[in-house]
Each structure stands twice: as structure tokens, then as C-alpha cells.
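Examining the three-dimensional arrangement
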Amino acid sequence: MIDLLKEFASNSKQWFYQEPEKRYELVKNNYQFFQSFFTKEKLENASWEELQQIGTHLHTLNTLPIARGNAFGKPNHELNYYRQQFINLLNDNISLQERIKNFKLAYFGNNSLGELLGYLFPNEYAIFNQRSGAALEILNIPMEIQRGEDFSEKFINFNNALTPLRQAYAEVVTAQTDLPLNLEIDQFLSWVEETHKLFSKQEPSFWSVGSVWGEKGDQRERFINNSIWECGYSLEGENRYEKRLNLVSPGDIFVLKSSATTGANHKTPITIIKNIGIVQGPINKGAFHIQWLNIPSLPHTLEGKGLRETIAPIKDSAVLNLLKNLLTEKPIQKISLKKLSRKIPLNQILYGPPGTGKTYHTITKAVEIIDGQINPDYAEAKKRFDELKAKGQIKFITFHQNYSYEDFMVGIRPDLQNGQISYKLYEGPFKQIADRAKNDSTNNYVMIIDEINRGNISKIFGELITLIETDKRAGNKHALSAPLLYQNEEFSVPNNLYIIGTMNTADKSIALVDIALRRRFVFEEMMPNAALLNKVEGFDLPNWFTKLNQKITAELDRDHQIGHSYFIGVETIADLQRAFYQCILPLLKEYFYGNPEKLQEIIPGFTSEEKLEGEAFKTALECLIK
């Protein structure tokens with residue numbers, strides 16, 4: 001906690017005042033509105049239009065047009081009912097816990113209420129929502145949780161848990177604005193949740209980086225000898241590349257290059273790839289520790305490609321393929337976990353809309369966990385995955401509504417032999433792989449659970465829901481074991497067994513997932529990525545894809561967007577037509593079942609059941625982006 005407070009102290013001015021967020025101005029504006037508007041006298045006479053302003057001053061509603069429209073787009077109650085509900089929150093003759101319990105407004109959820117309370121009583125309480133709760137986990141600040149507690153109890157327990165943080169913030173960071181301390185604390189928690197999530201990127205990013213510092217000349221030799229890379233602009237106090245530098249993570253690939261022009265009138269750009277290295281970690285804002293690799297075929301010249309900026313992400317697929325081929329010349333087998341200084345969570349869930357590559361990435365993650373190496377070649381990773389699965393180091397299962405503890409862990413099953421039925425003890429996939437992991441402590445094992453949110457978690461996991469916790473694993477500080485059903489055996493979960501789940505948010509949002517599961521897993525969001533798509537025969541597929549998801553988000557929510565994987569490999573309009581009619585259109589019809597008018601608003605070019613082809617199909621698609 002103290003380390004993160006110190007880090008925030010050095011970044012706080014940027015966080016509060018940087019463009020275009022202007023967080024201080026936003027928070028100050030909201031704070032002043034609530035302090036001014038929320039008086040008994042004003043609320044008693046408030047018009048509907050004045051009450052609607054509440055929705056524009058709450059971040060939880062202002063960033064979600066559908067939520068704000070539901071809550072304040074039209075009255076869901078009599079006007080006096082709205083007035084009285086808000087007046088009751090100000091009644092300090094009643095305990096805050098009772099006021100929270102008695103507060104009831106349609107479409108005004110707990111996140112919005114937790115934010116409102118933080119603005120109304122900032123001298124006593126901080127804003128409480130999913131984001132701030134997640135930040136507490138990152139800070140490793142324990143929050144008292146009781147089974148079956150309601151939001152009023154959670155709000156009080158959250159604020160009690162913040163007591164040591166408030167004191168530490170005042171001592172380490174000190175006041176950075178004229179806002180009440182609890183509103184600054186809320187911004188610190190936002191910073192923690194945004195910049196220090198518990199999970200890492202699933203694949204390394206490639207960055208082109210330069211080494212020539214103007215009059216100071218080429219720094220390449222110094223970089224290589226000292227295993228570093230530095231941005232000269234940052235060292236001189238300029239922040240032109242600050243946002244890009246903040247996106248660099250351990251395990252990313254730095255491509256040290258120089259650029260020039262050649263040919264007639266020097267119109268042909270060329271790039272010389274001089275060295276390739278693996279980012280080990282930051283030294284300061286503009287410098288990184290790098291493991292520079294000894295690749296025999298470097299330097300390598302790329303004609304027609306110009307990579308001129310000091311640091312920039314490499315997105316060109318042809319360049320990326322070349323770099324991956326160059327990397328395979330040195331058998332580092334990509335990147336070891338120790339060198340990455342990367343802590344992989346024992347329990348993680350990849351979640352997002354359909355088609356965002358969740359199941360696809362369980363394969364590369366499982367291989368990385370077992371081999372300790374990131375493999376950028378998916379075909380190689382899949383081959384290795386199949387080998388490890390055949391050896392029993394990986395198990396892959398899918399949860400469904402009828403899946404049970406007896407299927408997953410251990411149970412009794414009938415066995416028919418020679419016409420006679422007997423009953424035998426059956427060990428499920430989790431018990432099998434856990435036993436293997438215990439007997440082979442030198443290797444890692446991975447259990448992949450696809451569609452984990454489709455199962456009844458308490459029914460399937462039983463006592464495992466406690467035993468899989470990191471600190472409850474065998475050999476850890478608070479290690480626990482429990483007796484198994486059907487067996488007189490104490491069972492514990494070993495430390496070298498990793499669990500990866502996938503969750504389709506179109507089926508169930510995270511908020512609806514069993515809270516016991518949410519507390520024990522790290523969640524990694526996987527969202528649609530238009531940058532992975534290309535134009536198709538002149539049709540701007542990335543732009544169309546982005547606009548489609550914007551419409552879906554506005555009408556439904558971000559959890560029902562369409563994933564990019566449906567379009568991977570689409571190279572022609574005929575390919576796109578097949579993907580649309582076989583995958584996209586059925587999904588949209590399911591989303592808007594019983595509402596054909598809304599479906600026509602989402603895809604305006606498709607107004608009948610007639611299947612369009614060729615130019616007619618392309619023209620219909622373009623209706624969305626005109």
C-alpha cells in the first residue's frame with residue numbers, strides 16, 4: 001500500500017489535471033452540485049428537470065446513457081416520491097445504514113447510490129462501487145464480509161476498511177487538491193484499479209524504438225552494454241511519448257531500429273532492424289531494463305517500411321510476422337516467467353462478449369504457465385497444448401446446468417458388468433489433475449473450465465471454493481484441507497495447479513456471478529478489437545465493426561458486443577457474407593428477439609429476410625457507416 005501511495009504521489013498532479021480527463025474539475029463540479037442542490041428546502045421544491053441533473057453528475061450514470069435513461073430519462077415514480085427518497089438520505093436523526101436500507105428508486109443501483117453518498121457526506125465516507133472494491137483487493141486491504149450482507153453493511157464495512165489508508169494517504173501523499181480527503185482517496189483508488197490491475201496482458205506488444213539522440217549521437221552501444229533503453233525526450237523533461245511509455249509492460253518486445261530514405265529523390269523509406277530485446281521492467285518514466293537478444297541475422301533491412309518515431313507500437317502484420325520469425329532464430333522459446341517478473345494468478349477468468357478469443361487464449365496461457373515461456377506462434381502453442389493435455393498436465397472441461405460436484409470432483413456411479421449393476425467410486429477431472437500435481441511438485445498443471453458461469457458454482461465446487469484460494473493452498477500461510485464426500489480422505493489443493501475459466505458476458509454479467517467465485521478469481525477482460533481487422537475489397541470493415549458495437553452498446557450494453565474473432569481470416573466480400581449470415585445475424589436476432597424494429601435500427605441495410613449477395617450485400621453493410 002505504501003509503495004503505491006508513493007507512486008501516486010509522484011503522478012497525482014498529472015492524474016488530477018491532465019487533458020482531456022481533467023479529473024479534478026469533474027469531481028469538483030460534481031461535489032459542488034451535490035453540496036448545493038441537496039438541501040431539504042431545494043429538494044422539497046425540485047422539478048423533474050432539476051432532479052434529472054443528478055444523473056449527469058454521477059459517473060456511474062453519466063458514462064452509461066442507457067442506465068441514465070432508465071433512471072432519469074422518464075419518471076418511474078411520482079415526483080414527490082423522488083423528492084422524499086433523496087430528502088430521507090439527509091435525515092441524520094436516522095443511522096446511515098437505515099437510510100441506505102430504506103432508499104428505493106427504480107434503476108438507481110448500488111453503484112450509483114455508493115457514489116451519491118460519497119458526494120453527500122465526503123467528510124465521513126468515501127465513494128463505494130465495484131471499482132473501489134477491486135482497488136482494495138489490489139492494495140491487499142482486508143474488508144470484512146459477512147454472508148448475506150446487504151449494500152448498507154457493505155458500504156459501512158468498506159469505509160471502515162479505509163481507515164488505515166486515509167491515515168497513510170494524509171502522511172505519504174498529502175492533500176493534492178482542495179477536495180475533501182475522501183474524494184481524493186476515491187481518485188487514488190481509481191488510479192490503483194486502472195493502472196495496477198491484478199492481471200497482465202495475454203500477449204507481448206511489439207514496439208519500434210530509436211537510439212539516436214540528436215547531437216549526442218547514437219546510444220545503441222551504451223544501451224546494449226548496459227541492458228537498457230532510454231527515451232531521450234523523457235530524460236530532458238519532455239512528455240511527448242508519456243502515454244506510450246506508460247503502456248509498455250514487462251515481456252513486451254523492443255525493436256531497436258534506424259530509419260532513412262533511399263532510391264530516386266530519396267522517396268523510398270527503409271528501416272534497419274539492429275537489435276531486438278525483451279522488456280524486463282521500468283527503471284523510471286522513460287527508461288527500461290532490457291534483455292537484448294543475440295540474433296544472428298541482424299541487422300535486417302526493411303524496404304518500403306518507415307518506422308521513424310522514437311517509440312511507437314508496431315501494428316503492420318507483415319513486419320510483425322518478420323519479427324516473430326527473427327525471434328525464432330534464437331531458441332529462447334520466447335520469455336521465461338522469472339525474467340518477466342510476472343506473477344500469474346492461480347485462479348483467473350477471461351471474460352467478455354462472444355467472439356473475443358477467450359477460449360483461444362486459454363491455450364496460450366496454459367502453455368505459458370507450464371513451460372514458463374510465452375510462445376507468439378499460435379500453431380506451435382496449440383501443438384504443445386495438445387502434447388501437455390495428452391500427458392495429463394492440462395485438463396479442459398465445460399460447465400453446464402447439469403454439471404455437479406460428483407462430475408467435477410468425486411462421486412458414485414453405476415457400472416454394468418455381465419448384466420450386473422454395481423456402484424463404483426468415480427474421480428472427476430479436478431480430483432485427477434490435483435492428485436497428479438501433488439505427486440509432481442516440480443511441474444505446473446492447468447485446469448481449464450470453459451463457460452464457468454453456466455454452472456451452479458456452489459453445487460459444483462463444494463468445499464473447493466475455499467480450498468482453491470491462494471492462501472488456503474497446501475503449503476501456504478493459511479493452508480486448509482477438508483474431508484471429501486464419499487471418501488475418508490483429507491483433501492487440499494496444491495500450489496502448482498492453476499485454474500483458468502472463461503465467461504461469456506452475453507450470458508451473464510460479472511455482477512450476477514456467484515460472489516464466492518468473484519472473490520477468489522482474478523478477472524481479465526477481453527473486449528472486441530477492431531485493430532485486428534483489415535479492409536475487405538475496399539470495404540472499411542474495422543470502422544463498420546466499431547460502429548456496430550457502438551450501436552449494440554447504446555441499445556443493450558457493452559457485454560453484448562460482437563467479438564472480432566468472427567472476422568479473423570475474412571479476406572473477401574464472400575467470406576464476409578458467410579460470417580455475417582452464419583454468425584453475426586443469428587446473434588443479433590437473438591439479442592433483439594421479438595423486436596424486429598430495433599434490429600433494423602442496428603443493421604439498417606437488412607430490412608427483409610432476403611439474403612443479399614455481392615455488391616447488394618456490401619451496399620447494405622455500408623448503410624451502417626454512412
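Reading the values: the criteria
Residues numbered from 1 in each chain as written. Predicted model: local features only at pLDDT ≥ 70, side-chain atom pairs only at ≥ 80, totals over all residues. Heavy atoms only, no water. Helix = DSSP H or I, 4+ residues; strand = E, 2+ residues; numbered from the N terminus. Rg over C-alpha atoms; globule rule 2.2 N^0.38 Å. Buried < 20%, exposed > 50% of the residue type's maximum accessible area, 1.4 Å probe, protein only. Contact = heavy atoms within 4.5 Å. Areas by Shrake-Rupley, 256 points an atom, 1.4 Å probe, with all protein chains shown as cover. Lys, Arg positive; Asp, Glu negative; His and termini not counted. Charge placed at Lys NZ, Arg CZ, Asp CG, Glu CD. Polar contact = N/O pair within 3.5 Å; in protein donor to acceptor, adjacent residues only side chain to side chain. Salt bridge = Lys/Arg side-chain N within 4 Å of Asp/Glu carboxyl O. Core = buried A, V, L, I, M, F, W, Y, C linked by side-chain atoms within 4.5 Å. Phe/Tyr/Trp six-rings, centres within 6.5 Å; stacked < 30°, edge-to-face > 60°. Lys NZ or Arg CZ within 6 Å of the ring centre and 35° of its normal. Axes fitted to C-alpha atoms, helices over the stretch in contact; angles between N-to-C directions. Parallel < 35°, antiparallel > 145°, perpendicular 65-115°, else oblique. Nonpolar A, V, L, I, M, F, W, Y, C, P; charged D, E, K, R; others polar. pLDDT = per-residue confidence, 0-100. Pairing = 2+ DSSP bridges.

Once that is clear, we can look at the overall build of the chain. What the chain contains, in helices and strands, is 29 helices and 18 strands. Taken over the C-alpha trace, the chain has a radius of gyration of 28 Å; the compact-globule value for 626 residues is 25 Å, and the two agree within 12%. In terms of overall dimensions, the chain has a C-alpha envelope of 85 × 80 × 65 Å along the principal axes. Within the chain, buried positions represent 48% of all 626 residues. Of the contacts made within the chain by residues no fewer than 6 positions apart, 67% connect residues no fewer than 24 positions apart. Accessible surface, the chain: about 31000 Å² in total, of which carbon and sulfur atoms supply 48%. Across the chain, the 71 positively charged side chains and the 76 negatively charged ones have centroids separated by 3 Å.

Inspection of the secondary structure puts Arg99 in helix 8 (residues 96-102). In this structure the side chain of Arg99 is engaged in a polar contact, spanning 3.1 Å, whose partner is the backbone oxygen of Asn91. Once residues lying within four places of it in the same chain are set aside, the contact partners of Arg99 are Asn88, Leu89, Leu90, Asn91, Asp92, Ile94 and Phe121.

Once the charged atoms of two side chains with opposite charge are near each other, the side chains can pair. Using the criterion set out here, one finds 22 salt bridges in the structure. We note a salt bridge from Asp407 to Arg413, for which the minimum N-O separation is 3.0 Å. Given a relative accessible area of 19%, Asp407 falls into the buried group. Between Arg454 and Glu451 there is a salt bridge whose closest N-O contact spans 3.5 Å. Of the residues examined, Arg454 reaches a relative accessible area of 36% and is grouped as partly exposed. Each of Glu469, Asp471, Lys472 and Arg520 takes part in salt bridges that share partners, so that together they form one network.

Turning our attention to the nonpolar core. Counting 61 residues, the largest nonpolar core has Ile54, Phe86, Phe108, Phe188 and Leu189 as the members making the most contacts within it. Once residues lying within four places of it in the same chain are set aside, the contact partners of Phe188 are Leu4, Leu5, Phe8, Leu139, Leu165 and Tyr169.

So, about the packing of aromatic side chains. Counting across every chain of the model gives 45 aromatic pairs. On the basis of an interplanar angle of 50 degrees and a centroid distance of 5.5 Å, the ring pair of Tyr125 and Phe155 is categorised as tilted. Of this pair, Tyr125 sits in the loop between helix 9 (110-120) and helix 10 (130-139) while Phe155 sits in helix 11 (residues 151-161), and the two are 30 residues apart along the sequence. Assessed through its relative accessible area of 23%, Tyr125 is described here as partly exposed. Grouping aromatic residues by their ring pairs yields a cluster made of Phe33, Phe34, Phe37, Phe38, Trp48, Phe72, Tyr82, Phe86, Phe103, Phe108 and Tyr119. Of note, Arg23 hangs over the ring of Trp15, and the distance from its end group to the ring centre comes to 3.5 Å. Its end group placed over the ring of Tyr426, Arg413 keeps NZ or CZ at 3.7 Å from the ring centre.

Another point: the packing of helix 1 (residues 2-17) against helix 13 (residues 181-195). Here helix 1 crosses helix 13 at 105 degrees, and the two axes come no closer than 10 Å. Between helix 1 and helix 13, the angle falls in the class roughly perpendicular. Along the contact surface, helix 1 presents Leu4, Leu5, Glu7, Phe8, Asn11, Trp15 and Phe16, while helix 13 presents Glu184, Gln187, Phe188, Ser190, Trp191, Val192 and Glu194. Its residues assigned to classes, the contact of helix 1 with helix 13 shows eight nonpolar, three polar and three charged.

Summing up the model confidence of the chain, the mean pLDDT is 84 and the portion of residues at 70 or higher is 92%. Contacts of residues 198-202 to residues separated by more than four positions or lying in other chains number 19 contacts, the stretch itself having pLDDT below 50. The low-confidence segment residues 330-342 (pLDDT under 50) makes 38 contacts with residues lying over four places distant or belonging to another chain.

Bringing the packing of helix 26 (residues 541-555) against helix 27 (residues 573-591) into the picture now. Packing of helix 26 against helix 27 leaves a shortest axis separation of 14 Å and a crossing angle of 5 degrees. It follows that helix 26 is roughly parallel to helix 27 by the angle criterion. Where helix 26 approaches helix 27, its residues Leu541, Trp544, Leu548 and Ile552 are matched on the opposing element by Leu576, Phe580, Ile584 and Leu588. In terms of residue class, the contact of helix 26 with helix 27 is built from eight nonpolar, no polar and no charged.

Attention shifts here to the sheet that holds strand 14 (residues 445-450). Pairing is parallel across the open sheet formed by five strands, whose spatial order is 11-14-17-9-18. The open sheet has two edge strands with one neighbour each: strand 11 (394-398) and strand 18 (522-525). Strand after strand, the sheet turns through a mean of 20 degrees between neighbouring axes, direction not considered. Judged from the six bridges that link them, strand 9 (residues 347-352) and strand 17 (residues 497-504) form a sheet pairing that is parallel. Within strand 17, the residue paired with Gln348 across the bridge is Ile500. Packed onto the sheet, helix 22 (residues 429-439) meets strand 11, strand 14 and strand 17 and runs at close to 165 degrees relative to strand 14.

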